Amino acid sequence: MALQKSRRRVTAADIARSLGVSRATVGFVLNETPGQTISAATTERVLAEARRLGYRPHIAARALASGRSHLVLLVLPDWPIEYSLRENIDEATHALDEHGYALITYTPHEGARARPLWETLQPDVVMGLFPFSDTLIDSMRAAGVERIVPDPEEVSEVRYSEGGPRLQVEHLHDLGHRRLGFARPSDPRLFELADAREEAATAAAIELGLETPATLELNPAASEVDPPVSEWIEAGITGVVAFNDDVAAAIIGAAARAEIAVPQSLAVIGHDDTPMALMFEPRISSVRIDSTGLGHYLAALAIHAMDETPTPEWEQTSAVKLIARASTSVTPTTQE
């Protein structure tokens with residue numbers, strides 16, 4: 001049986017021919033060209049015929065003609081897409097959509113053989129949560145990308161607020177904890193962000209006159225071996241600053257199996273305030289990130305790069321909020 005030929009793309013010329021109007025008139029209407037004196041009736045006729053014929057704009061041709069693709073490419077680090085990051089991306093997507101731009105996410109992997117998306121999509125802006133390496137910047141420039149955020153020529157950088165670890169440490173300090181630990185995730189993809197949060201927690205502890213928090217390592221997620229919670233308590237640790245709520249939940253679960261009371265013997269505070277924080281007993285104290293504000297900030301940075309709008313401001317300290325719950329509800333009963 002012969003294969004059916006694919007349907008030819010409907011063009012502006014087809015619409016003009018069907019209506020008996022000029023190709024220029026159809027182009028002005030479909031491209032919403034400003035400064036044209038085309039009547040409302042003609043505009044409506046062109047749009048109605050375009051719908052009837054199944055016209056779809058040729059994105060590449062439109063981008064070539066206008067110099068804009070209306071695409072923003074957000075390059076993500078090789079992290080698992082967890083609750084907080086997903087919320088930020090969703091908010092940025094909605095904010096950009098309101099300005100007529102589509103957000104596309106892309107995660108480059110080391111040794112990948114596929115061409116990077118900035119070579120094929122012609123995005124108006126390529127954004128990252130952290131400054132790009134020189135290698136990636138060279139690749140973007142070679143592909144004709146003109147707008148990169150963070151701007152390689154500037155010192156500023158876009159990153160998640162690290163005000164959260166300070167709030168975690170201050171909360172435990174205010175409750176009377178003097179020996180803290182920082183619990184890290186087991187996923188190597190999160191090590192870079194874990195380093196930043198541990199560094200922030202350490203700085204906050206030192207400013208409060210505390211010792212440097214002990215680094216607490218967790219076993220891989222698939223392991224059935226619990227974190228050595230008893231050993232931490234024997235070392236004098238009474239408060240744990242967890243990298244995120246998943247890490248906090250793993251510690252609280254291990255403490256329950258070891259018959260260690262939380263928070264009486266060990267207080268635990270998470271980060272990100274995900275739904276997980278409300279699923280455990282005791283419910284987990286955490287740090288809530290302003291996902292809406294951060295998402296809108298990322299969108300504003302992209303729009304600033306494209307349209308030269310005023311540079312948006314982002315106050316990291318106002319982007320996070322401490323949510324105190326039962327996992328840190330009492331002062332410690334043991335001290336070093």
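As the structure is a computational prediction, the values presented were derived from the model and not from experiment. Residues take numbers from 1 onward in each chain, read along the sequence in its written order. Thresholds applied to this predicted model are a pLDDT of at least 70 for local features of residues and 80 or more for the giving and counting of side-chain atom pairs; totals over whole chains, interfaces and linings are not thresholded and use all residues. Calculation of side-chain values draws on the structure's entire complement of heavy atoms; hydrogens and water are dropped beforehand.

## Remarks on the side chain of histidine 173
We apply this condition: Each helix is a run of H or I in the DSSP string that is no shorter than four residues. Each strand is a run of E no shorter than two, and both are numbered from the N terminus. Relative accessibility decides the category of a residue: with a 1.4 Å probe and only protein chains considered, values under 20% of the type maximum give buried, values over 50% give exposed, and everything between is partly exposed. Any two residues having at least one pair of non-hydrogen atoms within 4.5 Å are treated as being in contact.
Secondary-structure assignment places histidine 173 in helix α7 (residues 163–174). Classification of histidine 173 by relative accessible area gives buried; the value is 18%. Histidine 173 has contacts with Arg178, Leu208 and Leu210, leaving out every residue within four places of it along the chain.

## Points about helix α10 (residues 245–257)
The line we're drawing: For a helix, the expected span equals 1.5 Å multiplied by the residue count minus one. Polar contacts, as used here, are pairs of N or O atoms within 3.5 Å; protein pairs need one atom able to donate a hydrogen and one able to accept it. Residues neighboring in sequence count only if both atoms are side-chain atoms.
Compared with the 18 Å implied by 1.5 Å per residue over 13 residues, the 18 Å span of α10 between its first and last C-alpha is a close match. Every buried residue of α10 is accounted for by Asp245, Val247, Ala248, Ala249, Ile251, Ile252, Gly253, Ala254 and Ala255. Check the buried side of α10 and you find it contacts β5 (180–183), α9 (229–234), β7 (239–242), β8 (267–269) and β9 (286–289). The opening residue of α10 is asparagine 244, an N-cap whose side-chain oxygen sits 3.2 Å from the backbone nitrogen of aspartate 246.

## A look at the nonpolar core
The condition is simple: We call a set of buried residues a nonpolar core when its members are Ala, Val, Leu, Ile, Met, Phe, Trp, Tyr or Cys and they connect through side-chain atoms within 4.5 Å of each other.
With 61 residues, the main nonpolar core has Val72, Met127 and Val240 as its most contacted residues. Sorting elements by how many residues they give to this core places helix α11 (residues 291–307) first, with 8 residues. Leaving out residues up to four positions away in the same chain, valine 240 has contacts with Leu172, Gly181, Ala183, Leu216, Trp232, Ile251, Leu266, Ala267, Val268 and Ile269. Core analysis: the second largest hydrophobic core is formed by 12 residues, Val10, Ile15, Val26 and Val29 among them.

## Some points on the packing of α7 against helix α8 (residues 191–207)
Stated formally: Throughout, an axis means a line fitted to C-alpha atoms (over the contacting stretch in the case of helices), and angles, computed between N-to-C directions, take values from 0 to 180 degrees. Note on angle classes: values under 35 degrees are labelled roughly parallel, values over 145 roughly antiparallel, values of 65 to 115 roughly perpendicular, and the remainder oblique. Less than a right angle of anticlockwise turn of the near helix away from the far helix marks a crossing as left-handed, whereas a clockwise turn marks it as right-handed. Each residue gets one of three labels, nonpolar for Ala, Val, Leu, Ile, Met, Phe, Trp, Tyr, Cys and Pro, charged for Asp, Glu, Lys and Arg, and polar for the others, Gly among them.
In the contact formed by α7 and α8, the axes pass within 8 Å of each other and the chain directions differ by 40 degrees. Here α7 lies oblique to α8, going by the angle between them. Here the hand of the crossing between α7 and α8 comes out right-handed. Judged by residue contacts, Pro165, Arg166 and Val169 of α7 engage Arg197, Ala200, Ala201, Ala204, Ala205 and Glu207 from α8. Of the residues contributing to the contact of α7 with α8, the split by class is 6 nonpolar, no polar and 3 charged.

## A short note on the pairing of β5
Condition: Paired strands are those between which DSSP finds at least two bridges. Look down the strands so they point away from you; if the path from the first strand over the helix to the second goes clockwise, the crossover is right-handed.
Burial of the side chains of β5 extends over both faces: Leu180 and Phe182 are buried on one face and Gly181 and Ala183 on the other. Pairing of β5 with β7 involves 4 bridges; the strand directions are parallel. Following the sheet pairing, alanine 183 is matched in β7 by alanine 242. Note that β5 and strand β6 (residues 214–216) share 3 bridges and pair parallel. The residue of β6 that forms the bridge with phenylalanine 182 is threonine 215. As a crossover connection, the stretch from β5 through α8 into β6 is right-handed.

## Side note on the sheet that holds β6
Reading across from one edge, β6-β5-β7-β8 is the order of the 4 strands in this open sheet, with parallel pairing throughout. Across the chains shown, the open sheet's two edge strands, defined by having one partner strand only, are β6 and β8. Taking each pair of neighbouring strands and ignoring which way they run, the sheet shows an average axis angle of 25 degrees. Its contacts with the sheet put α7 on β5, β7 and β8, and the angle it makes with β7 is roughly 170 degrees. Where α10 meets the sheet, it contacts β5, β7 and β8, and its direction lies at approximately 160 degrees from that of β8.

## Focus on the confidence of the model for the chain
Heads up, the rule is: Think of pLDDT as the predictor's per-residue confidence, scored from 0 to 100.
Looking at the chain, pLDDT values average 85 and 89% of them are 70 or higher. Across residues 1–6, where pLDDT falls below 50, the model places 0 contacts with residues more than four positions away in sequence or in other chains. Throughout residues 155–160 the model reports pLDDT below 50, and contacts reaching past four residues in sequence, or to other chains, amount to 19 contacts.

## Remarks on the pattern of salt bridges
Note the cut-off: Salt bridges, as used here, are contacts in which a Lys or Arg side-chain nitrogen is within 4 Å of a carboxyl oxygen on Asp or Glu.
Counted under the stated rule, the structure contains 14 salt bridges. For arginine 51, the salt bridge goes to glutamate 44, with nearest N and O atoms at 3.2 Å. Since its relative accessible area comes to 56%, arginine 51 is described here as exposed.

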